[in-house]
Amino acid sequence: MMANGKTNHTKPPESKRIYLWTIPRSISTAFERCFVGLNNAHVEHEPYCTAYFFGPDSNNRSLAPFLPTEYDYSYQNVKTRLEEDYPGKNIIFCKDHAFSLGGRYEMMANGFTHTILIRDPVKTMSSFHRIANKPKLLSWSIHTILPDGLAYKDLYDLEVHVRTKLGQNVTIIDADDLVRYPEQMIRRYCDAVGIPFQLEMLDWDSCVNVTKSWSRTLRLLQFLGGIYDRALTSTSFHKEKAEKKEDVSDLPDEVLEAVKICQPYYDQLYQKRIIPEDRETEV
């Protein structure tokens, strides 16, 4: 009711739904944290990934076969939940791995603006190799956990699908650009997806319980293997992660072969990325 006694029929702002598709070890959970601390945002963490590895439709239990089935995470249930209304929230942000769709594009939730985060395959595959050989993770293997194309082909195929079938121009950002120029990149990302930039996106509280909304199996996986430790304890992006060069001479053959498979897909997506202002004269 307004002061003059008339009813205010102004509608609340329509929710903006944003999907970030990526590959493992891409600094995507840190990017997700830009949204977790926003009061007006509802954030979903890898629901399709849960469906892929742990849901009732799963045909790949290689990630952690000893963990229970997540019966609430069928692909249809995930799609339905993502399409729900979230009262009091006008940003719905979801982060996931493209390969976890398993080509089921019909299961993609409607109403989302689709975006992509990429990272140099040398960095992602070497990081994946290090995390996969933690003792508690049963010596994972790049080729047993990831599908053919090692997640990069799935990301490339998803961009083609969204662009040609859904008619969207996909906003693509590179992890090294994000880490070197966080404010510029996050501002440009926000502009591209149609939401206001907020300073809270640049620094976040490491004490916030980020995992409380995660699926039970992903919380257990974090507890057992600590695969998200750095992202969950960070408070901002660290430029040195972008500047650090991997010594490829120290990488095992499995990793080098994986990089060779991923590189062509990364290179094609890299050419379409948005760039920070400070690099516009460099590229």
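Worth saying up front: this structure is predicted, and the values here are computed from it rather than measured.

What follows concerns the packing of aromatic side chains. Following the criterion strictly, the structure yields 19 aromatic pairs and no others. Ring centres of Tyr52 and Phe99 lie 5.3 Å apart, and the angle between their planes is 85°; this geometry places the pair in the edge-to-face category. Residue Tyr52 is found in helix α2 (residues 47-54), and its partner Phe99 is found in the loop between β3 (91-97) and β4 (113-118); the two are separated by 47 residues along the sequence. As far as burial versus exposure is concerned, Tyr52 and Phe99 are alike and both buried. One aromatic cluster in this structure is built from Tyr19, Trp21, Tyr48, Tyr75 and Phe112. The ring of Tyr75 carries Arg104 above its face, with NZ or CZ at 4.1 Å from the centroid. One cation-aromatic arrangement involves Arg273 over Tyr270; the distance from NZ or CZ to the ring centre is 3.7 Å.

Mean pLDDT over the chain stands at 89; residues scoring 70 or higher make up 90%. Taken as a whole, residues 6-12 scores under 50 in pLDDT and shows four contacts with residues more than four places along the chain or in a different chain.

It is worth spelling out the pattern of salt bridges at this point. All chains considered together, the criterion is met by ten salt bridges. Across the pair Lys95 and Glu46 runs a salt bridge whose closest N-O atoms are separated by 2.4 Å. With Lys95 in strand β3 and Glu46 in the loop between β2 (41-45) and α2, this residue pair connects regions lying 49 residues apart in the sequence. Grouping residues by exposure puts Lys95 and Glu46 together as buried. Between Arg163 and Glu159 there is a salt bridge, and its shortest N-O distance comes to 2.9 Å. Residue Arg163 and its partner Glu159 are both found in helix α6 (residues 152-164); the two are separated by four residues, about one turn of the helix. Judged by its relative accessible area of 33%, Arg163 is partly exposed. Residue classification places Glu159 among the buried positions, given a relative accessible area of 3%. Through salt bridges with shared partners, a single ionic network connects Glu159, Arg163 and Lys272.

To continue, consider unusual backbone geometry. Phi is positive for Ile27, which is not a glycine, with a value near 70°. Along the polypeptide, Ile27 turns up in the loop between β1 (16-22) and α1 (28-36). Overall, the relative accessible area of 15% leaves Ile27 in the buried class. Residue Glu46 is not a glycine yet carries a positive backbone phi of 50°. Residue classification places Glu46 among the buried residues on the basis of a relative accessible area of 2%.

Analysis parameters
- Residue numbers here run from 1 along each chain, matching the order of that chain's written sequence.
- pLDDT decides what is reported in this predicted model: residues at 70 or higher carry local features, side-chain atom pairs at 80 or more are listed and counted, and totals for whole chains, interfaces and linings draw on all residues regardless.
- The side-chain numbers reported here are obtained from all heavy atoms of the structure, hydrogens and water having been left aside.
- Pairing of aromatic rings covers Phe, Tyr and Trp, the last counted by its six-membered ring, and requires centre-to-centre distances within 6.5 Å; plane angles under 30 degrees mean stacked, over 60 mean edge-to-face, and any other angle means tilted.
- Numbering of helices and strands starts at the N terminus; helices are DSSP runs of H or I of at least 4 residues and strands are runs of E of at least 2.
- Summary of the burial criterion: residues with accessible area below 20% of their type's maximum are buried, those above 50% are exposed, and those between are partly exposed, where the area comes from a 1.4 Å probe applied to protein chains only.
- Placement of a positive charge over a ring is assigned whenever Lys NZ or Arg CZ falls within 6 Å of the ring centre and within 35 degrees of the normal to the ring plane.
- For every residue, the predictor assigns a confidence score, pLDDT, that lies between 0 and 100.
- The contact criterion used is simple: two residues touch if any of their non-hydrogen atoms lie within 4.5 Å.
- Each reported salt bridge corresponds to a side-chain nitrogen of Lys or Arg within 4 Å of a carboxyl oxygen of Asp or Glu.

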